[in-house]
Amino acid sequence: MRIAIAGGTGRIGRLTSAVLESAGHQTVPFGRAAGIDAYAGRGLDDALRGADALIDVTNTPASDKAEIVDFFGTVTSNLLAAEERAGVRHHVLLSIVGIDHNKRAPHYAGKREQERLVESGPVPWSIVRATQFHDFAAMVASWSLRDGTATIAPLLVQPIAQEDVAAALAEVATAPPLNDLLDIAGPETQDLVDMARRTFAVRGEDVKLVPTWRGAFGTDMAGEALLPGENAWLGPTTFDAWLAAGAPDGR
Ligand SMILES: NC(=O)c1ccc[n+]([C@@H]2O[C@H](COP(=O)([O-])OP(=O)(O)OC[C@H]3O[C@@H](n4cnc5c(N)ncnc54)[C@H](OP(=O)(O)O)[C@@H]3O)[C@@H](O)[C@H]2O)c1
(Lines give C-alpha, C1' and ligand atoms only; values in the text may rest on other atoms or scores of the structure.)
Protein backbone atom coordinates (compact mmCIF):
# COMPACT_ATOMS: atom_id res chain seq x y z
CA MET A 1 0.00 0.00 0.00
CA ARG A 2 0.96 3.66 -0.35
CA ILE A 3 0.41 5.57 2.89
CA ALA A 4 0.84 9.31 3.42
CA ILE A 5 1.84 10.40 6.94
CA ALA A 6 1.04 13.96 8.00
CA GLY A 7 3.58 14.71 10.73
CA GLY A 8 5.66 11.85 9.37
CA THR A 9 8.88 13.68 10.27
CA GLY A 10 7.96 13.80 13.99
CA ARG A 11 8.49 11.24 16.76
CA ILE A 12 5.51 8.93 16.11
CA GLY A 13 5.54 9.66 12.39
CA ARG A 14 9.14 8.51 11.87
CA LEU A 15 8.54 5.29 13.81
CA THR A 16 5.28 4.57 11.95
CA SER A 17 6.93 5.13 8.58
CA ALA A 18 9.73 2.70 9.54
CA VAL A 19 7.23 -0.02 10.60
CA LEU A 20 5.27 0.31 7.34
CA GLU A 21 8.36 0.42 5.11
CA SER A 22 9.83 -2.68 6.76
CA ALA A 23 6.54 -4.49 6.05
CA GLY A 24 6.93 -3.63 2.35
CA HIS A 25 4.61 -0.63 2.13
CA GLN A 26 5.47 2.71 0.55
CA THR A 27 5.17 5.79 2.76
CA VAL A 28 5.06 9.51 2.08
CA PRO A 29 6.02 11.13 5.40
CA PHE A 30 5.64 14.89 5.33
CA GLY A 31 5.80 18.09 7.40
CA ARG A 32 6.66 21.74 6.87
CA ALA A 33 10.39 20.98 6.84
CA ALA A 34 9.71 18.82 3.78
CA GLY A 35 7.90 21.78 2.16
CA ILE A 36 4.36 20.54 2.81
CA ASP A 37 2.21 22.59 5.19
CA ALA A 38 -1.10 21.03 6.21
CA TYR A 39 -2.16 24.19 8.09
CA ALA A 40 -1.65 26.42 5.05
CA GLY A 41 -2.86 23.62 2.75
CA ARG A 42 0.38 23.82 0.73
CA GLY A 43 1.65 20.78 -1.22
CA LEU A 44 -1.04 18.35 -0.05
CA ASP A 45 -2.30 17.37 -3.52
CA ASP A 46 1.19 16.18 -4.55
CA ALA A 47 1.79 14.36 -1.23
CA LEU A 48 -1.52 12.49 -1.39
CA ARG A 49 -1.45 11.48 -5.06
CA GLY A 50 -1.98 7.69 -5.30
CA ALA A 51 -2.22 7.18 -1.52
CA ASP A 52 -4.50 4.46 -0.18
CA ALA A 53 -4.58 5.87 3.35
CA LEU A 54 -3.40 8.87 5.36
CA ILE A 55 -2.19 8.79 8.96
CA ASP A 56 -2.40 12.12 10.85
CA VAL A 57 0.21 12.43 13.62
CA THR A 58 0.75 16.20 13.37
CA ASN A 59 1.31 18.19 16.54
CA THR A 60 1.70 21.79 17.70
CA PRO A 61 3.83 23.24 20.51
CA ALA A 62 1.19 25.96 21.17
CA SER A 63 -0.23 26.32 24.69
CA ASP A 64 -3.12 28.69 23.99
CA LYS A 65 -6.46 26.86 23.67
CA ALA A 66 -7.85 28.90 20.77
CA GLU A 67 -4.57 28.56 18.87
CA ILE A 68 -4.46 24.79 19.40
CA VAL A 69 -8.09 24.27 18.35
CA ASP A 70 -7.48 26.42 15.27
CA PHE A 71 -4.33 24.42 14.38
CA PHE A 72 -5.86 20.94 14.73
CA GLY A 73 -9.18 22.02 13.18
CA THR A 74 -7.59 23.69 10.14
CA VAL A 75 -5.07 20.89 9.57
CA THR A 76 -7.79 18.23 9.80
CA SER A 77 -10.14 20.10 7.44
CA ASN A 78 -7.36 20.65 4.91
CA LEU A 79 -6.26 17.00 5.05
CA LEU A 80 -9.82 15.65 4.66
CA ALA A 81 -10.50 17.96 1.69
CA ALA A 82 -7.23 16.94 0.00
CA GLU A 83 -8.00 13.25 0.64
CA GLU A 84 -11.39 13.67 -0.98
CA ARG A 85 -9.78 15.30 -4.05
CA ALA A 86 -7.11 12.57 -4.27
CA GLY A 87 -9.52 9.67 -3.66
CA VAL A 88 -7.82 8.56 -0.41
CA ARG A 89 -10.26 6.14 1.23
CA HIS A 90 -8.96 5.88 4.83
CA HIS A 91 -8.12 8.65 7.31
CA VAL A 92 -6.34 7.42 10.45
CA LEU A 93 -6.11 9.89 13.34
CA LEU A 94 -3.91 9.51 16.41
CA SER A 95 -5.88 10.87 19.38
CA ILE A 96 -5.70 10.46 23.18
CA VAL A 97 -7.60 8.26 25.66
CA GLY A 98 -9.72 10.23 28.17
CA ILE A 99 -9.97 13.56 26.31
CA ASP A 100 -13.71 13.79 27.08
CA HIS A 101 -13.02 13.95 30.84
CA ASN A 102 -10.87 17.07 30.94
CA LYS A 103 -12.51 20.17 29.46
CA ARG A 104 -9.72 22.49 30.75
CA ALA A 105 -6.64 21.02 29.04
CA PRO A 106 -6.05 23.10 25.85
CA HIS A 107 -4.43 20.19 23.96
CA TYR A 108 -7.44 17.96 24.62
CA ALA A 109 -9.80 20.62 23.21
CA GLY A 110 -7.78 20.47 19.98
CA LYS A 111 -7.93 16.67 19.88
CA ARG A 112 -11.72 16.72 20.41
CA GLU A 113 -12.03 19.13 17.46
CA GLN A 114 -9.95 16.75 15.29
CA GLU A 115 -12.15 13.81 16.26
CA ARG A 116 -15.35 15.76 15.58
CA LEU A 117 -14.22 16.74 12.09
CA VAL A 118 -12.98 13.22 11.23
CA GLU A 119 -16.18 11.52 12.44
CA SER A 120 -18.42 13.90 10.47
CA GLY A 121 -16.10 14.17 7.47
CA PRO A 122 -16.27 12.73 3.94
CA VAL A 123 -13.51 10.10 4.28
CA PRO A 124 -13.87 6.61 5.91
CA TRP A 125 -11.91 6.79 9.15
CA SER A 126 -10.28 5.14 12.15
CA ILE A 127 -9.46 7.02 15.35
CA VAL A 128 -6.68 5.46 17.43
CA ARG A 129 -6.78 6.85 20.97
CA ALA A 130 -3.45 6.25 22.72
CA THR A 131 -2.70 6.57 26.41
CA GLN A 132 0.23 8.71 27.58
CA PHE A 133 3.71 7.99 26.23
CA HIS A 134 6.45 6.88 28.63
CA ASP A 135 8.07 10.35 28.76
CA PHE A 136 4.74 12.01 29.69
CA ALA A 137 5.43 12.23 33.47
CA ALA A 138 8.73 14.05 33.04
CA MET A 139 7.16 16.32 30.42
CA VAL A 140 4.27 17.29 32.74
CA ALA A 141 6.72 17.98 35.62
CA SER A 142 8.85 20.15 33.33
CA TRP A 143 5.89 22.51 32.74
CA SER A 144 6.07 23.76 36.37
CA LEU A 145 9.75 23.15 37.16
CA ARG A 146 11.22 26.13 39.09
CA ASP A 147 14.40 26.05 41.20
CA GLY A 148 14.46 22.25 41.26
CA THR A 149 10.81 21.80 42.34
CA ALA A 150 7.88 20.68 40.16
CA THR A 151 4.20 19.97 40.78
CA ILE A 152 2.53 16.91 39.30
CA ALA A 153 -0.92 15.29 39.63
CA PRO A 154 -1.08 11.73 41.01
CA LEU A 155 -2.77 10.46 37.85
CA LEU A 156 -3.42 6.77 37.27
CA VAL A 157 -2.21 6.03 33.72
CA GLN A 158 -1.40 3.00 31.55
CA PRO A 159 1.51 4.39 29.50
CA ILE A 160 2.45 3.10 26.06
CA ALA A 161 5.80 2.98 24.23
CA GLN A 162 6.06 5.18 21.15
CA GLU A 163 7.21 2.10 19.17
CA ASP A 164 3.99 0.30 20.15
CA VAL A 165 1.89 3.31 19.08
CA ALA A 166 3.61 3.13 15.69
CA ALA A 167 2.94 -0.61 15.39
CA ALA A 168 -0.77 -0.09 16.17
CA LEU A 169 -1.10 2.78 13.67
CA ALA A 170 0.54 0.69 10.95
CA GLU A 171 -1.81 -2.22 11.68
CA VAL A 172 -4.91 0.00 11.57
CA ALA A 173 -3.83 1.92 8.44
CA THR A 174 -3.30 -1.26 6.42
CA ALA A 175 -6.71 -2.72 7.39
CA PRO A 176 -10.18 -1.52 6.30
CA PRO A 177 -11.45 1.67 8.05
CA LEU A 178 -13.00 1.00 11.48
CA ASN A 179 -15.31 4.04 11.31
CA ASP A 180 -14.92 3.79 15.07
CA LEU A 181 -12.54 4.51 17.94
CA LEU A 182 -9.83 2.10 19.09
CA ASP A 183 -8.09 2.56 22.45
CA ILE A 184 -4.44 1.53 22.65
CA ALA A 185 -2.34 1.33 25.83
CA GLY A 186 0.69 -0.24 27.45
CA PRO A 187 0.66 -3.48 29.45
CA GLU A 188 0.36 -2.10 33.03
CA THR A 189 -0.92 0.82 35.07
CA GLN A 190 1.40 3.35 36.74
CA ASP A 191 1.20 6.32 39.12
CA LEU A 192 2.35 9.50 37.36
CA VAL A 193 4.28 10.84 40.38
CA ASP A 194 6.21 7.58 40.69
CA MET A 195 6.88 7.62 36.92
CA ALA A 196 8.30 11.15 37.13
CA ARG A 197 10.46 10.29 40.15
CA ARG A 198 11.92 7.22 38.45
CA THR A 199 12.45 9.03 35.12
CA PHE A 200 14.40 11.87 36.76
CA ALA A 201 16.47 9.34 38.74
CA VAL A 202 17.44 7.46 35.56
CA ARG A 203 18.29 10.74 33.80
CA GLY A 204 20.37 11.88 36.80
CA GLU A 205 18.19 14.96 37.37
CA ASP A 206 17.56 16.15 40.94
CA VAL A 207 13.91 17.29 40.98
CA LYS A 208 11.69 17.61 44.06
CA LEU A 209 8.11 16.57 43.18
CA VAL A 210 5.02 18.03 44.86
CA PRO A 211 1.87 15.92 44.18
CA THR A 212 -1.20 18.14 43.66
CA TRP A 213 -4.52 18.32 41.83
CA ARG A 214 -4.19 22.12 41.58
CA GLY A 215 -1.83 22.23 38.61
CA ALA A 216 -2.30 21.25 34.98
CA PHE A 217 -4.64 18.33 35.86
CA GLY A 218 -7.53 18.54 38.36
CA THR A 219 -9.63 15.92 40.11
CA ASP A 220 -11.76 15.46 36.96
CA MET A 221 -8.80 13.34 35.77
CA ALA A 222 -8.69 11.23 38.97
CA GLY A 223 -9.74 7.58 39.22
CA GLU A 224 -9.86 5.71 35.92
CA ALA A 225 -10.41 8.75 33.63
CA LEU A 226 -7.20 8.10 31.68
CA LEU A 227 -7.38 4.31 31.50
CA PRO A 228 -8.25 2.59 28.20
CA GLY A 229 -11.55 0.82 27.60
CA GLU A 230 -11.96 -2.93 28.10
CA ASN A 231 -11.30 -3.93 24.50
CA ALA A 232 -8.11 -1.92 24.13
CA TRP A 233 -5.15 -3.02 21.97
CA LEU A 234 -2.25 -3.49 24.43
CA GLY A 235 1.37 -2.97 23.41
CA PRO A 236 3.99 -5.22 25.03
CA THR A 237 6.62 -2.66 26.13
CA THR A 238 6.69 -1.89 29.87
CA PHE A 239 7.61 1.41 31.54
CA ASP A 240 10.45 -0.47 33.27
CA ALA A 241 11.89 -1.53 29.90
CA TRP A 242 11.85 2.12 28.78
CA LEU A 243 13.64 3.19 31.98
CA ALA A 244 16.22 0.43 31.45
CA ALA A 245 16.86 1.87 27.97
CA GLY A 246 17.77 5.22 29.58
CA ALA A 247 14.34 6.95 29.42
CA PRO A 248 14.75 8.44 25.89
CA ASP A 249 12.09 10.99 24.85
CA GLY A 250 12.28 10.02 21.17
CA ARG A 251 13.28 13.47 19.88
N1 LIG B 1 2.66 12.81 24.30
C2 LIG B 1 1.71 11.93 24.60
O3 LIG B 1 1.72 11.35 25.72
C4 LIG B 1 0.63 11.61 23.58
C5 LIG B 1 -0.31 10.61 23.87
C6 LIG B 1 -1.27 10.27 22.91
C7 LIG B 1 -1.30 10.92 21.67
N8 LIG B 1 -0.39 11.93 21.43
C9 LIG B 1 -0.45 12.59 20.10
O10 LIG B 1 0.65 12.16 19.31
C11 LIG B 1 0.69 13.03 18.17
C12 LIG B 1 2.12 13.10 17.62
O13 LIG B 1 3.01 13.53 18.61
P14 LIG B 1 4.60 13.58 18.37
O15 LIG B 1 5.21 13.67 19.72
O16 LIG B 1 5.01 12.51 17.42
O17 LIG B 1 4.73 15.01 17.64
P18 LIG B 1 6.07 15.71 17.12
O19 LIG B 1 7.28 14.86 17.32
O20 LIG B 1 6.05 17.10 17.70
O21 LIG B 1 5.83 15.79 15.53
C22 LIG B 1 4.88 16.67 15.00
C23 LIG B 1 4.89 16.53 13.49
O24 LIG B 1 3.88 17.42 12.97
C25 LIG B 1 4.47 18.11 11.86
N26 LIG B 1 3.76 19.38 11.65
C27 LIG B 1 3.59 20.42 12.51
N28 LIG B 1 2.92 21.41 11.89
C29 LIG B 1 2.65 20.99 10.63
C30 LIG B 1 1.99 21.55 9.52
N31 LIG B 1 1.46 22.80 9.56
N32 LIG B 1 1.89 20.82 8.38
C33 LIG B 1 2.44 19.57 8.29
N34 LIG B 1 3.07 18.97 9.32
C35 LIG B 1 3.18 19.68 10.47
C36 LIG B 1 5.92 18.32 12.28
O37 LIG B 1 6.79 18.57 11.19
P38 LIG B 1 7.25 20.10 10.83
O39 LIG B 1 7.62 20.77 12.12
O40 LIG B 1 8.39 19.93 9.87
O41 LIG B 1 6.07 20.73 10.18
C42 LIG B 1 6.22 16.92 12.84
O43 LIG B 1 6.48 16.02 11.77
C44 LIG B 1 0.08 14.37 18.63
O45 LIG B 1 -1.05 14.66 17.84
C46 LIG B 1 -0.34 14.11 20.09
O47 LIG B 1 -1.58 14.69 20.39
C48 LIG B 1 0.57 12.26 22.34
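Further up the page is the structure itself.
Numbers given for residues are sequential positions, taken from 1 along each chain in its written order. Reporting in this predicted model follows two pLDDT cut-offs: at least 70 for local features of residues, and 80 or more for side-chain atom pairs to be given and counted; totals over whole chains, interfaces and linings ignore these cut-offs and use all residues. Calculation of side-chain values draws on the structure's entire complement of heavy atoms; hydrogens and water are dropped beforehand.

1. A few points about the pairing of strand β4 (residues 91-96)
Our working definition: In this scheme, a residue with accessible area under 20% of its type's maximum is buried, one over 50% is exposed, and one in between is partly exposed, where area comes from a 1.4 Å probe on protein chains only. Labels follow the DSSP assignment, with helices taken as runs of H or I lasting at least four residues and strands as runs of E lasting at least two, numbered in each case from the N terminus. We treat two strands as partners when DSSP finds at least two bridges between them. When the strands point away from the viewer and the path from the first strand over the helix to the second turns clockwise, the crossover is right-handed.
Burial runs high along β4: six of the six residues are buried. Every second residue of β4 is oriented toward a common face, with H91, L93 and S95 on one face and V92, L94 and I96 on the other, all of them buried. In this structure, strand β3 (residues 53-56) lies alongside β4, joined through three bridges in parallel fashion. Bridged to I55 within β4 is V92. Following the chain from β3 across helix α3 (residues 65-86) to the adjacent parallel β4, one finds a crossover that is right-handed. In this sheet, strand β5 (residues 125-130) lies alongside β4 in parallel orientation, the contact comprising six bridges. The residue of β5 that forms the bridge with V92 is S126. Following the chain from β4 across helix α4 (residues 106-119) to the adjacent parallel β5, one finds a crossover that is right-handed.

2. Here's the deal with the nonpolar core
Definition in use: Joining through side-chain atoms within 4.5 Å is the link that ties buried Ala, Val, Leu, Ile, Met, Phe, Trp, Tyr and Cys residues into a set, and such a set is a nonpolar core. Throughout, a residue-residue contact means that at least one pair of heavy atoms, one from each residue, lies within 4.5 Å.
The biggest cluster of nonpolar side chains holds 28 residues, and the ones touching the most others in it are Y108, I152, L155, L192, F200, L209 and F217. Those elements giving two or more residues to this core turn out to be α5 (136-144), β6 (149-152), α7 (192-203) and α8 (239-244). Setting aside residues up to four positions removed in sequence, I152 forms contacts with A137, V140, A141, L192, V193, A196, L209, V210, P211 and T212. Of all hydrophobic cores here, the second largest spans 21 residues; its members include L20, A53, A130 and I160.

3. Some remarks on the environment of L54
With respect to the element layout, L54 can be found in strand β3. With relative accessibility at 0%, the residue L54 sits in the buried group. For L54 and A4, which are 50 residues apart along the polypeptide, the C-alpha to C-alpha distance reads 4.7 Å.

4. Description of the sheet that holds β5
Operational definition: In this analysis, axes come from line fits to C-alpha atoms, helices being fitted only over the stretch in contact, and the angle between any two N-to-C directions falls in the range 0 to 180 degrees.
The strand order across the open sheet built from seven strands is β2-β1-β3-β4-β5-β8-β11, with neighbouring strands paired in parallel fashion. Edge positions in the open sheet fall to β2 (26-30) and β11 (233-234), since each of these has one partner strand only. Sheet topology note: the strand β8 (residues 181-185)/β11 ladder contains two bridges and is parallel. Counterpart to A185 in the pairing with β11 is L234. Lying on the sheet, α4 is in contact with β3, β4, β5 and β8; it crosses β4 at an angle near 155°.

5. Let's talk about helix α6 (residues 162-173)
The condition is simple: The span you would expect from a helix comes to 1.5 Å times its residue count less one.
Its twelve residues give α6 an end-to-end C-alpha distance of 16 Å, which sits within 8% of 16 Å, the value for a rise of 1.5 Å per residue. For α6, the tally of buried residues reaches nine of twelve residues, placing the bulk of the element in the interior. Looking only at α6, the buried set comprises Q162, D164, V165, A166, A168, L169, A170, V172 and A173.

6. Here we look at helix α1 (residues 11-22)
For α1, with twelve residues, the first-to-last C-alpha span of 17 Å sits near the 16 Å given by 1.5 Å per residue. Residues of α1 that are buried: R11, I12, G13, T16, S17 and L20. On its buried side, α1 packs onto β1 (2-6), β2, β3, β4 and α6. Positive phi shows up at G24, right after α1, with a value of about 95°.

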